[in-house]
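Examination of the molecular architecture
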Amino acid sequence: MSNFLNLLIALVIAAVTYGTPLLFGTLGEVLTEKSGNLNLGVEGIMFMGGALGLGGVFYYEKAAGSGANGFLAVGIGILCAFLAGAFASLIFSFLTTTLRANQNVTGLALSIFGTGIGQFIGEHMRVTEGGYISISNRLAGCFQNSPFPAFLRNIPLVGGVLFGSSVFFYLAIVLAAAMFWYLNRTRSGLYLRSVGESPATADAAGINVTRYKYLATIIGGGISAIGGMVYIMTIAGCVWNHEGLSGVGWLAVALVIFCMWRPLSAIWGSILFGALMILYLRLVIPFIPTQLYKILPYVVTVVVLIVSSMRNNKDKQPPASLGLSYFREDR
């Protein structure tokens, strides 16, 4: 029984670690889709965030040397990743909101474009520096270690689960709560939701549809890109790996559907998906191929989508105008 409990605790801790990048990616896409924009380029956005986030911290430490400040390094990593995702999402917004291009095609193109840009930047840094791009163990600890004191982490059973994660998990929890409050308790958040449900009605009510779509998509893309940086800095060990992020962005898109576009549901959903991602390492069944383990998050998403569609519950449906361009002259 003790071995099973230890195995379960270790699985939960690992699930939180793997789920944190997904949580950022999902929250960013939830905010984007609440405006009616369907950005399928999350994969590329997270690649750009991972490469530029690591690059920003790497060159900061190279310039500052042994005097590099860990708190500042974390801030630089977040800022560089956010700006990368915001820039990519600005391109998406211009094409889909201003030029009214097809959102599905544009999102897929952005996924390919962002993946290529992220891999190019990462490989360019590696070749330029003549080796792996990584940061010192001291700075890496600022990204990977828990911000809580040891006596909290050492509490039996619950210490490691509640207080043993990196600072990014707790930031993501705060972000999810803030996003829930914004979308449900503020006038601006209700305006954003109305834009996603019926842009024509929102426009007739005097709401600036274009501004809300741009801001939600750009900020949402920046949040998703932070998830890419978190993956590189925590799971990938602060070392650039051009294949390390493959599939994480698509999992985030699937998780948006799984959590029914609810920020708070994304918290437990990301932990569940994180557990499914690493289950093949923790629960080895000889006759089950590893590939079947890796498709479990997508299978679960499809099942949830089918069940929610059968219930026909409006609260569990996507925004009504999701993926559709708004033509004001047709209003």
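Our subject is the structure listed above.
What counts, and where the lines are drawn
- Residues numbered from 1 in each chain as written.
- Predicted model: local features only at pLDDT ≥ 70, side-chain atom pairs only at ≥ 80, totals over all residues.
- Heavy atoms only, no water.
- Helix = DSSP H or I, 4+ residues; strand = E, 2+ residues; numbered from the N terminus.
- Buried < 20%, exposed > 50% of the residue type's maximum accessible area, 1.4 Å probe, protein only.
- Salt bridge = Lys/Arg side-chain N within 4 Å of Asp/Glu carboxyl O.
- Axes fitted to C-alpha atoms, helices over the stretch in contact; angles between N-to-C directions.
- Parallel < 35°, antiparallel > 145°, perpendicular 65-115°, else oblique.
- Left-handed = near helix turned anticlockwise from the far one by under 90°.
- Contact = heavy atoms within 4.5 Å.
- Nonpolar A, V, L, I, M, F, W, Y, C, P; charged D, E, K, R; others polar.

1. Some details on unusual backbone geometry
Residues other than glycine seldom take positive phi values, yet Cys 238 does so here, at roughly 60°. In this fold, Cys 238 is placed in the loop between helix 11 (209–235) and helix 12 (248–258). A residue is classified by how much of its surface remains accessible, and Cys 238, at 0% relative accessible area, is buried. Of note in the backbone geometry, Met 260 takes a positive phi value of approximately 60° without being a glycine. Along the chain, Met 260 falls in the loop between helix 12 and helix 13 (265–282).

2. Some details on the pattern of salt bridges
Oppositely charged side chains can form a pair if their charged atoms are brought close together. Per the stated rule, a full pass over the model turns up two salt bridges. The closest approach of N and O atoms between Arg 126 and Glu 123, which form a salt bridge, is 2.8 Å. With a gap of three residues between them, Arg 126 and Glu 123 both fall in helix 4 (residues 103–129), about one helical turn apart.

3. Description of the packing of helix 12 against helix 13
The contact between helix 12 and helix 13 brings their axes to 10 Å, and the two run at 130°. Relative to helix 13, the element helix 12 lies oblique. Like other packed secondary-structure pairs, helix 12 and helix 13 cross with a definite hand, here right-handed. Of the residues in helix 13, those touching helix 12 at Leu 251, Ala 254, Leu 255 and Phe 258 are Ala 266, Trp 268, Gly 269, Ser 270, Leu 272, Phe 273 and Met 277. Its residues placed into classes, the contact of helix 12 with helix 13 shows nine nonpolar, two polar and no charged.

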